[in-house]
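Here's the letter readout for the chains.
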Amino acid sequence: DVGLVDARTLAVDARKAVKQGTDPRLIQKDKDAAVRSLSAAAALFLDRYVKVINRSSTARETERKLNRYVIPVLGNRAIDSIGRRDIAALVQKISDKNGRVMADRVLATLSKLFNWAMTQPEYIDVLQASPVIRGMSPGHAKKRDRVLTEDEVARFWQSIEPFGYPFGPFFRLLLLTGQRRSELAEARWDQFDLETGIWRLPAASTKADRAHEIPLSALALRDLEKLPRFAGPFVFTTMNGERPISGFSKAKARLDPVMRPD
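Model, not experiment: these values are computed from the prediction.

Novice: Just to check I follow, could you spell out the overall build of the protein for this structure?
Specialist: A tally of regular secondary structure across the protein gives 11 helices and 3 strands. Put simply, the protein runs from its N terminus to its C terminus through helices and strands in the order α-α-α-α-α-α-α-α-α-β-β-β-α-α. Over its C-alpha trace the protein gives a radius of gyration of 25 Å, far above what one expects of a compact globule, namely 18 Å for 262 residues. Counting only C-alpha atoms and orienting by the principal axes, one finds that the protein spans roughly 75 × 45 × 35 Å. Of the contacts formed within the protein by residues at least 6 apart in sequence, a portion of 58% connects residues at least 24 apart. For the protein, the accessible area works out to roughly 16800 Å², and carbon and sulfur atoms hold 51% of it.

Okay, here's the thing in structure tokens:
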């Protein structure tokens, strides 16, 4: 199935392997197994599908879920060797340790991965069905309707004063604009018209995939005007503007103790 030059190269490599006491057929078998591993499939899924159709924040979260919860457990397994029992055990483990909501989200990601893999040339002949089936979900996420009381808003405002850039002003603008964390974290300077007081969010930056304009209050404008400007495009950054901020869990961990009432 290859040209003469490539065939000669393969023959030379095979002879070298034999001289070293290795069966060339086993080498090829190992290569085939690596390509069919769940880790390899996940990498292709991210590059060909997730990073193409999703926002960067969604793609990063999908990659995080796979790398944290799935790959360490099933990554070395061939994708066609993973059955419903494996998925059920993984979901139960995540549910017990990290909660039903996270287990449900990981399960949804795995469902997309296996359904996508069944249409790809690398796996279409070996993966006959998805091991993720209806009814595996441990529970669905409930919509949150919790809002801060007036006292909590005041305490929040006072508590973030000592934080400094980037998380101090970031937390303030979250409260002042009422926008999603990811939308503000990935905000770029060219989205803001400080003269007219408008923040223009492109469709690619919104959860609803629809562009919209956010009027900015005088207090929000004042905060924005005080922010440092870096070489890169992002408003909130720890990388000279080249990348948006991250590490929200650590920042919230600092905020939680001071938010608790005495």
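Novice: Explain the sheet that holds strand β2 (residues 198–201) here, please?
Specialist: Pairing between sheet strands relies on hydrogen bonds along the backbone, with the strands arranged either parallel or antiparallel. Taken in spatial order, the 3 strands make up an open sheet running β1-β2-β3, and their pairing is antiparallel. The open sheet is flanked by β1 (192–193) and β3 (212–215), the only strands paired with a single partner. As defined by bridge partners, β1 adjoins β2 across 2 bridges and the pair is classed as antiparallel. Counterpart to D193 in the pairing with β2 is I198.

Novice: Looking at this structure, I do not really get helix α4 (residues 56–74). What am I missing?
Specialist: A turn of α-helix holds 3.6 residues, and therefore any two residues three or four places apart point the same way. Over its 19 residues, α4 runs 25 Å from end to end, which matches the ideal 27 Å to within 8%, given 1.5 Å per residue. All of the buried residues in α4 are S57, A59, T62, K65, L66, Y69, V70 and L74. In this fold, the buried residues of α4 make contact with α3 (38–53), α5 (84–98), α6 (100–117) and α9 (181–185).

Cut-off values and rules
Residues numbered from 1 in each chain as written. Predicted model: local features only at pLDDT ≥ 70, side-chain atom pairs only at ≥ 80, totals over all residues. Heavy atoms only, no water. Helix = DSSP H or I, 4+ residues; strand = E, 2+ residues; numbered from the N terminus. Rg over C-alpha atoms; globule rule 2.2 N^0.38 Å. Contact = heavy atoms within 4.5 Å. Areas by Shrake-Rupley, 256 points an atom, 1.4 Å probe, with all protein chains shown as cover. Pairing = 2+ DSSP bridges. Expected span 1.5 Å × (residues − 1). Buried < 20%, exposed > 50% of the residue type's maximum accessible area, 1.4 Å probe, protein only.

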